[in-house]
Amino acid sequence: MKHLPRTILPLILALLALVSLANAAQAQDPIRRGRALVGEFCSRCHAVARFGKSPNRDALPFRTLGRNFDLDQFPRLLERGISSTHPDMPEFKFSEDDAHAATAYLRSIQR
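Worth saying up front: this structure is predicted, and the values here are computed from it rather than measured. (Residues numbered from 1 in each chain as written. Predicted model: local features only at pLDDT ≥ 70, side-chain atom pairs only at ≥ 80, totals over all residues. Heavy atoms only, no water.)

A. Focus on the overall build of the chain. Helix and strand content of the chain: 5 helices and 0 strands. Along the chain, helices and strands appear, N-terminal first, in the series α-α-α-α-α. Expressed as a percentage of the 111 residues in the chain, the buried residues total 28%. Taking the intrachain contacts of the chain between residues at least 6 apart in sequence as the baseline, contacts between residues at least 24 apart amount to 48%. Taken as a whole, the chain presents about 8100 Å² of accessible surface, with 57% of it coming from carbon and sulfur. (Helix = DSSP H or I, 4+ residues; strand = E, 2+ residues; numbered from the N terminus. Buried < 20%, exposed > 50% of the residue type's maximum accessible area, 1.4 Å probe, protein only. Contact = heavy atoms within 4.5 Å. Areas by Shrake-Rupley, 256 points an atom, 1.4 Å probe, with all protein chains shown as cover.)

B. Expanded view of the packing of helix 2 (residues 30–42) against helix 5 (residues 96–109). Two elements in contact, helix 2 and helix 5, have axes whose closest approach is 7 Å; the angle formed by their N-to-C orientations is 95°. On the basis of their axis angle, the class for helix 2 and helix 5 is roughly perpendicular. From helix 2, Pro30, Ile31, Arg33, Gly34, Arg35, Leu37 and Val38 reach across to helix 5, where they touch Asp98, Ala101, Ala102, Ala104, Tyr105 and Ser108. Here the contact of helix 2 with helix 5 is composed, by residue class, of 8 nonpolar, 2 polar and 3 charged. (Axes fitted to C-alpha atoms, helices over the stretch in contact; angles between N-to-C directions. Parallel < 35°, antiparallel > 145°, perpendicular 65-115°, else oblique. Nonpolar A, V, L, I, M, F, W, Y, C, P; charged D, E, K, R; others polar.)

Dropping the structure here:
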């Protein structure tokens, strides 16, 4: 096994530190964290930004969720686990912190 040149190791360590700092910053910013979570779990069907159409035409765009749903109740729903009778909607459950982060993001995009 070859050894890495001495100049590569500091670069690798710096890159790992930057990735770690970026993850810590995202964890501290609930809106950024919420955007990442909603993007990961919901964007396959729902429009999850201020503009754009939902990939699934039957899926509500999240920017209008607050019109029909009390967003104050949303974190509890996410923590208990959301399930739907719609066959395409998966069941999922968020931690308390993730539920509040997702809700913070949803509040930020309401129109």
